[in-house]
Amino acid sequence: MIASHLLAYFFTELSHDQGQKIDKYLYHMRLSDETLQEVSERFRKEMEKGLGADTNPTASVKMLPSFVRSTPDGTENGDFLALDLGGTNFRVLRVKVSDNGLRKVEMENQIYAIPEDLMRGSGVQLFDHIAECLANFMEKLNMKDKKLPLGFTFSFPCHQTKLDESILVTWTKGFKSSGVEGKDVVAMIRKAIKKRGDFDIDLVAVVNDTVGTMMTCGYDDHNCEVGLIVGTGTNACYMEEMRHIDLVEGDEGRMCINMEWGAFGDDGVLNDIRTEFDREIDMGSLNQGKQLFEKMISGMYMGELVRLILVKMAKEELLFGGRLTPSLLTTGHFETGYVSAIEKEKEGLQKAHEILTKLGLDPSAEDCIATQHICQIVSTRSANLCGATLAAVLRRIKENKGVDRLRSTVGVDGSVYKKHPHFARRLQKTVRKLLPDCDIRFVRSEDGSGKGAAMVTAVAYRLAAQHKARQKTLEALKLSHEQLLEVKNRMRIEMERGLSKASHPDATVKMLPTYVCATPDGTEKGDFLALDLGGTNFRVLLVRVRNGIRRGVEMHNKIYSIPQEIMQGTGEELFDHIVHCISDFLEYMGMKGVSLPLGFTFSFPCQQNNLDEGILLKWTKGFKATGCEGEDVVNLLKEAIHRREEFDLDVVAVVNDTVGTMMTCGYEDPYCEVGLIVGTGSNACYMEEMRNVELVEGEEGRMCINMEWGAFGDNGCLDDFRTEFDVAVDELSLNAGKQRFEKMISGMYLGEIVRNILIDFTKRGLLFRGRISERLKTRGIFETKFLSQIESDCLALLQVRSILQHLGLESTCDDSIIVKEVCTVVARRAAQLCGAGMAAVVDKIRENRKLDFLKVTVGVDGTLYKLHPHFSSIMHETVKQLTPKCEVTFLQSEDGSGKGAALITAVACRIREAGQR
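Here we summarise the structure given alongside this text. (Residues numbered from 1 in each chain as written. Predicted model: local features only at pLDDT ≥ 70, side-chain atom pairs only at ≥ 80, totals over all residues. Heavy atoms only, no water.)

Right, let's get into the overall build of the protein chain. Along the protein chain, the regular secondary structure elements total 29 helices and 26 strands. A compact globule built from 917 residues should have a C-alpha radius of gyration of about 29 Å, whereas the protein chain, at 39 Å, is more than 25% larger. With 917 residues in all, the protein chain has 57% of them scored as buried. The contacts in the protein chain between residues at least 6 apart in sequence include a share of 70% that link residues at least 24 apart. When the accessible surface of the protein chain is split by element, carbon and sulfur atoms take 50% of a total near 38700 Å². (Helix = DSSP H or I, 4+ residues; strand = E, 2+ residues; numbered from the N terminus. Rg over C-alpha atoms; globule rule 2.2 N^0.38 Å. Buried < 20%, exposed > 50% of the residue type's maximum accessible area, 1.4 Å probe, protein only. Contact = heavy atoms within 4.5 Å. Areas by Shrake-Rupley, 256 points an atom, 1.4 Å probe, with all protein chains shown as cover.)

This is how it looks when you write it as structure tokens:
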């Protein structure tokens, strides 16, 4: 017992001494945390060089786009073929992916040899052989009559320009087939299959084994966005934001980048870390000066590094009593498999003894311990370097996503990672040390080069099918030039029906006379009061209009709230409250007792029989005050003023906010004869010839017509343009069947249309992986302001994702692109429909005046028009296309409902005074 303890103690002491001796000798191979951090930083810079268009040609880390734009989401299914060519053997696989809630993958494969003469013969012969093997495989499985999609793993340096196009840069791994370098291998394989004519396949994707590794793991773990291989060679890939990839057109979404990281350091950035042994390995290699990082870490070189160290130490008489053997001196005789065997916990020293003996040496216990320690240092350095570069990749993903803490998965393959007893643990430890703010999971890939190629194909198939299904749905919302002309023509017909006395009672577009008969001419002057009542708040304004040199408008206003109980009480209470607010305002302005002309913006449906008479047809917007409907609101206001007996006001005009908008812009621009509002709701007005206004006596001059165009289509004339989503939004609204045009174009409803489309897509598995959140089911949750934010050009998909997260939707990058596309389509249609309506209006003005060409300005207000990034430009473009004989200018109105009411009053006073004179 004591003897065994002593022996153990002796060995511990011995290994400690030997360890220190070796540590000192291999000091340069032991990398501190600071050095690893530095390597990580340098690698980051190299990544950026590879991604930049200007710096890529000279970058050593090539960062090649793979054209793989999405990882699996688990809904893939179907039968796929895969070809795996990467060495002297090649495989054909059939991969059956099924998604019946169980997500399973079944595989059958066959290995075929590639004879030496074919590896060095012509490319045509090589691809004919591959096609023959493929035919043989399909025959065996009775599948020759089916046209199956195929993914091709081609593990040679390629330049990819599309998912299914890959130009071979150079052959490696002993291949020398002529006439293939510089050619598209997909075209060659297609040609070979076509030449046979006995079967057909759909070659969808060419992939590299690293990308295949990421995709295989991605099927089981949807967080997987990095692929890593540490085997004979080493490489990594990851999902990068498209906006950072200069070599590929487009900014939307992500793409997998095949980094080709083995070449890190080929430009000298690792020279201070490389040792004499690394330099010696490079000198003896076939590709001198190339793949320097790979030569420090991969399986092809690890054993050789250990051999070079053993030889040098033996020469310096630090090992094996200074003895060398021919076997130890032969390149490649110390295999990487030996490193794994020697580092095993229990039998490692025993293995070291066996291996060294096999190499013709007679090792002592000290030699065995030393050899084990050398192996540890070499493999630890390899794992640490690999961890440092991987940390740089993960740090980049974290920054791209803008998250505080990254949760991600790395799919890993390769003999060193899988077979070395400590490599995986050491690699993960380094990553954790360098990235304390990330939770990284490592998943071993099973057959990335075979199953992975099939997965890339399966994802490409799923994306194509889903894209097609979505486009078919969105097609109904995309309007052609002819369709827009048709909308314009129908609006024109409805306008005529509203103007004609005979058809007016049944017309949906009411074309209400406003009794506003002139726009400002710039000579208006004086002090005017304006009231603005259109919602739960109410404004009183004093508007000072000046003419001459100091021409301009100066405004003072105060906002008052209208309590719920007053909105729903009696009419007397409501108008008494309004007069109380006016009294407060006059006192606030120090104008008590002054009698001023007043304009009243009353944004509720009214029938006007005069400029100062408006009969309330019905309350909207939550108002329910009794005794008002069917009454003249000017009278109600005057009665309330009399009841108060404090001041007297001259109520000159009742106006609608759309008319106010036209008048405000008319003060700035004499050509302004049309008003448009596109905000929560939508409406338009314009100056019509009196001879066409059959509801009002008189033929001379013009009058502004308040169109109330939101109701366009209420008679079914737009039914062939309305989609299932418009119908759904209408049916669930408070006023079903009413204001149908407004529901297709205004801010109150666009978000709802988008929400309904998103629900439809999700139910059909085309979005959010088929998972509908409770929030998405809530009406009104998708506010129209989100449309404006999502479509804003400067907004990256990152922010789209945060808006969706706010709505309780866990979205992938692809989901964000789809949501953005839906928003774009819905808003575009709204702007185009609005433009078609406007085109009908300006063309009518032109025809009224029998002009060949009309120059006119439209005054516009409303949040959708002002805040949406593209609405206005699309609308302008539509109007331009539909009215080639008009030059239409759009002018944004400032405060049409306040300032506008005062200007209408000012114009009315000017005309009244002129009449008196």
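Tallying each qualifying case throughout the model produces 73 salt bridges. As a salt-bridge pair, Glu108 and Arg94 come within 3.2 Å of each other at their nearest N and O atoms. Separated by 14 residues along the polypeptide, Glu108 in strand E4 (residues 104-113) and Arg94 in strand E3 (residues 89-98) bring together distant segments of the chain. Glu673 is paired through a salt bridge with Arg849; the nearest N and O atoms lie 2.6 Å apart. Of this pair, Glu673 sits in strand E22 (residues 672-678) while Arg849 sits in the loop between helix H26 (813-848) and strand E25 (854-861), placing them 176 residues apart in sequence. By the burial criterion, Glu673 is buried, and Arg849 matches it. Residues joined by salt bridges that share partners form a network here, namely Lys488, Arg492, Glu496, Asp843, Arg846 and Glu847. (Salt bridge = Lys/Arg side-chain N within 4 Å of Asp/Glu carboxyl O.)

This part takes up the side chain of Asp669. Note that Asp669 resides in the loop between helix H20 (657-668) and E22. Within the buried set, Asp669 has no salt-bridge partner at all; the shortest N-O distance to an opposite charge, 6.6 Å, is to Lys855. A distance of 2.7 Å separates the side chain of Asp669 from the backbone nitrogen of Tyr671, its partner in a polar contact. A distance of 2.8 Å separates the side chain of Asp669 from the side chain of Thr857, its partner in a polar contact. Beyond its immediate sequence surroundings of up to four residues, Asp669 is in contact with Thr857 and Leu891. (Lys, Arg positive; Asp, Glu negative; His and termini not counted. Polar contact = N/O pair within 3.5 Å; in protein donor to acceptor, adjacent residues only side chain to side chain.)

We now examine the sheet that holds E22. One open sheet accounts for six strands, arranged E14-E24-E23-E22-E25-E26; its pairing is mixed. Strand pairing shows two members of the sheet lacking a second neighbour, strand E14 (512-513) and strand E26 (886-892), which therefore form its edges. Of the pairings in the sheet, the one linking E22 to E25 comprises five bridges and is parallel in character. Paired with Cys672 across the two strands is Thr857, which belongs to E25. The strands touched by H20 are E22, strand E23 (682-689), strand E24 (702-706), E25 and E26; relative to E22, the strand with the most contacts, the crossing angle is about 135 degrees. (Pairing = 2+ DSSP bridges. Axes fitted to C-alpha atoms, helices over the stretch in contact; angles between N-to-C directions.)

Attention now moves to the nonpolar core. Within the largest apolar cluster, 114 residues are counted, with the highest numbers of intra-cluster contacts made by Leu676, Tyr686, Met707, Trp709, Phe782 and Met838. Per-element tally for this core: the top contributor is H26, with 18 residues. Residues within four places of Leu676 in sequence aside, it is in contact with Thr658, Thr661, Asn683, Ala684, Trp709, Cys834, Met838, Val858, Gly859, Val860, Asp861 and Met875. Counting 111 residues, the second-largest nonpolar core is a separate cluster that includes Phe293, Phe320, Phe334 and Val459. (Core = buried A, V, L, I, M, F, W, Y, C linked by side-chain atoms within 4.5 Å.)

What follows deals with empty space enclosed by the protein. The full count for this structure, using the stated rule, is two cavities of 30 Å³ or more. Considering the residues around the largest cavity, the lining is formed by 14 residues, among which Phe604, Cys606, Gln608, Asn656 and Asn706 are closest to the centre. Among the secondary structure elements, those contributing two or more residues to the lining of the largest cavity are E14, strand E19 (606-610) and strand E21 (650-655). Taken together, the residues that form the lining of the largest cavity break down as eight nonpolar, five polar and one charged. (1 Å grid on protein atoms, 1.4 Å probe; cavity = no way out; pocket = protein on both sides within 12 Å on 5 of 7 lines; lining within 4 Å. Points joined across faces, edges and corners; volume = space filled by probe spheres on them. Nonpolar A, V, L, I, M, F, W, Y, C, P; charged D, E, K, R; others polar.)

Once that is clear, we can look at the environment of Leu512. By secondary structure assignment, the location of Leu512 is in strand E14. Since its relative accessible area comes to 13%, Leu512 is described here as buried. Not counting chain neighbours up to four residues away, the residues in contact with Leu512 comprise His504, Cys606, Cys704, Ile705, Asn706 and Glu708.

A word on unusual backbone geometry. Within the chain, Met511 stands out as a residue other than glycine whose phi angle is a positive 50 degrees. Its location among the elements puts Met511 in the loop between helix H16 (481-499) and E14.

Looking now at the sheet that holds strand E17 (residues 552-561). The mixed open sheet is built from five strands, whose spatial order is E17-E16-E15-E18-E21. The sheet is open, and its two edges are formed by E17 and E21, each paired on a single side. Ignoring strand direction, the axes of neighbouring strands in this sheet form an average angle of 20 degrees. By the bridge criterion, five bridges tie strand E18 (residues 597-602) to E21 in an arrangement that is parallel. The residue bridging Thr601 from the neighbouring strand is Val655, located in E21. Relative to the sheet, helix H19 (residues 633-644) contacts strand E15 (526-533), E18 and E21, its axis offset from that of E21 by approximately 145 degrees.

For helix H24 (residues 784-791), a buried count of six out of eight residues is recorded, marking the element as mostly surrounded by other parts of the structure. Within the sequence span of H24, burial applies to Thr784, Phe786, Leu787, Ser788, Ile790 and Glu791.

Time to look at the packing of helix H15 (residues 451-475) against helix H23 (residues 747-763). Taken N-terminus to C-terminus, the directions of H15 and H23 make an angle of 150 degrees; their axes are 11 Å apart at the nearest point. Relative to H23, the element H15 is oriented roughly antiparallel. In this structure, the crossing between H15 and H23 has a hand that is right-handed. Each of Arg470, Thr473 and Leu474 in H15 lies in contact with H23, whose residues at this interface are Ile757, Asp760 and Phe761. Tallied by class, residues from the contact of H15 with H23 come to three nonpolar, one polar and two charged. (Parallel < 35°, antiparallel > 145°, perpendicular 65-115°, else oblique. Left-handed = near helix turned anticlockwise from the far one by under 90°.)

Arg94 gets classed as buried once you look at its relative accessible area, which sits at 14%. Only 2.9 Å separates the side chain of Arg94 from the side chain of Asp79, close enough to count as a polar contact. Aside from chain neighbours lying at most four places away, what touches Arg94 is Asp79, Phe80, Leu81, Glu106, Met107, Glu108, Phe137, Leu141 and Met143.

Time to look at helix H2 (residues 33-51). Its 19 residues place the ends of H2 27 Å apart at the C-alpha level, agreeing with the 27 Å of an ideal helix rising 1.5 Å per residue. Every buried residue of H2 is listed here: Leu36, Val39, Ser40, Arg42, Phe43, Arg44, Glu46, Met47, Gly50 and Leu51. (Expected span 1.5 Å × (residues − 1).)

Further remarks concern the packing of aromatic side chains. As enumerated under the stated definition, the model contains 23 aromatic pairs in all. Relative to Phe293, the ring of Trp261 has its centre 5.8 Å away and its plane inclined at 85 degrees; by these criteria the two rings are edge-to-face. Of the two residues, Trp261 sits in the loop between strand E11 (254-258) and helix H7 (276-283) while Phe293 sits in helix H8 (residues 292-297), which places them 32 residues apart along the sequence. For Phe293, a relative accessible area of 0% puts it in the buried group. A cation over an aromatic ring shows up here: Lys558 above the ring of Tyr588, its NZ or CZ 4.5 Å from the ring centre. The side chain of Lys855 reaches across the aromatic face of Tyr671, ending 4.6 Å from its centre. (Phe/Tyr/Trp six-rings, centres within 6.5 Å; stacked < 30°, edge-to-face > 60°. Lys NZ or Arg CZ within 6 Å of the ring centre and 35° of its normal.)

These figures come from the coordinates and say nothing about function on their own.
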